[in-house]
Amino acid sequence: MTIAYLGLGSNLGDRLEHLRRALELLRGRGVRVLRSSRVYETEPVGGPAQPDYLNAVVEVETDGTARDLLRACLAVEEALGRVRTERWGPRIIDVDVLTFGEETIDDPDLQVPHPRMHERGFVLIPLLELDPDPRLPGGRGVGDVRLEALGRVRLHAPPLAT
Ligand code: GSY
């Protein structure tokens, strides 16, 4: 059994509903969703001009491997109708594996801890609600994070129902 953190984001259509549906679909694939952060509205990082995102982080527990969890995340994205076009483009839903227990994985399609999580307010700020001392890439601690570089985020909604 492993505790992992997932980052959820949506910036198209009914954004909050997409985050809620993503949790239901994860549960349907045997991923136990333990806790959710509050939901933040965040300015887009990277890519073309695009709408603001809603982002949240959830704590999950799973009996499978990190790759099983990645497969579940990709299946949820597909079920919600995500179409992969531009790399940093707008999306109905994004479900990223941020950390997976104490594991470090550096495969082309799966990297944990997520290599950019310490630079992204839309990940780090909700994550810190659930884990005040998260695993960060490169063995960094929260003291190494440049808070002024994290981008603008504002509270939007209470935690997603778990
Ligand atoms: O990496 C996830 C997708 N994404 C996001 C996001 O979820 N939130 C914000 N604020 N900007 C983003 N840029 C990308 S790509």
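As a reminder, the structure under discussion sits directly above these lines.
Residues numbered from 1 in each chain as written. Predicted model: local features only at pLDDT ≥ 70, side-chain atom pairs only at ≥ 80, totals over all residues. Heavy atoms only, no water.

**Student:** An account of the side chain of Thr42 is requested, with residue identities and associated values reported.
**Tutor:** Looking at the secondary structure, you find Thr42 in strand β3 (residues 39-42). Only 2.7 Å separates the side chain of Thr42 from the side chain of Asn55, close enough to count as a polar contact. Residue contacts for Thr42: discarding those within four places in its chain leaves Asp52, Tyr53, Asn55, Phe122, Arg152 and Val153. (Helix = DSSP H or I, 4+ residues; strand = E, 2+ residues; numbered from the N terminus. Polar contact = N/O pair within 3.5 Å; in protein donor to acceptor, adjacent residues only side chain to side chain. Contact = heavy atoms within 4.5 Å.)

**Student:** Let's hear about the environment of Leu110: which residues, and what values?
**Tutor:** One can find Leu110 in strand β7 (residues 110-112). Overall, the relative accessible area of 4% leaves Leu110 in the buried class. Along the primary structure Leu110 and Leu98 are separated by 12 residues, whereas in three dimensions their C-alpha atoms are 9.7 Å apart. If near-sequence neighbours (up to four positions away) are discounted, Leu110 is found in contact with Ala66, Arg67, Leu70, Val97 and Ile105. (Buried < 20%, exposed > 50% of the residue type's maximum accessible area, 1.4 Å probe, protein only.)

**Student:** Any details on the site of the ligand? Residues and values, ideally.
**Tutor:** If you check the shell around the ligand, you find Thr42, Glu43, Pro44, Val45, Tyr53, Asn55, Trp88, Arg91, Asp94, Asp96, Arg120 and Phe122 and nothing else. Interatomic distance of 2.9 Å between a side-chain N/O atom of Asn55 and an oxygen atom of the ligand. Arg120 places a side-chain nitrogen or oxygen 3.3 Å from an oxygen atom of the ligand. If you list the elements that add at least two residues to the shell around the ligand, you get β4 (53-62) and β5 (94-100). (Near = heavy atom within 4 Å.)

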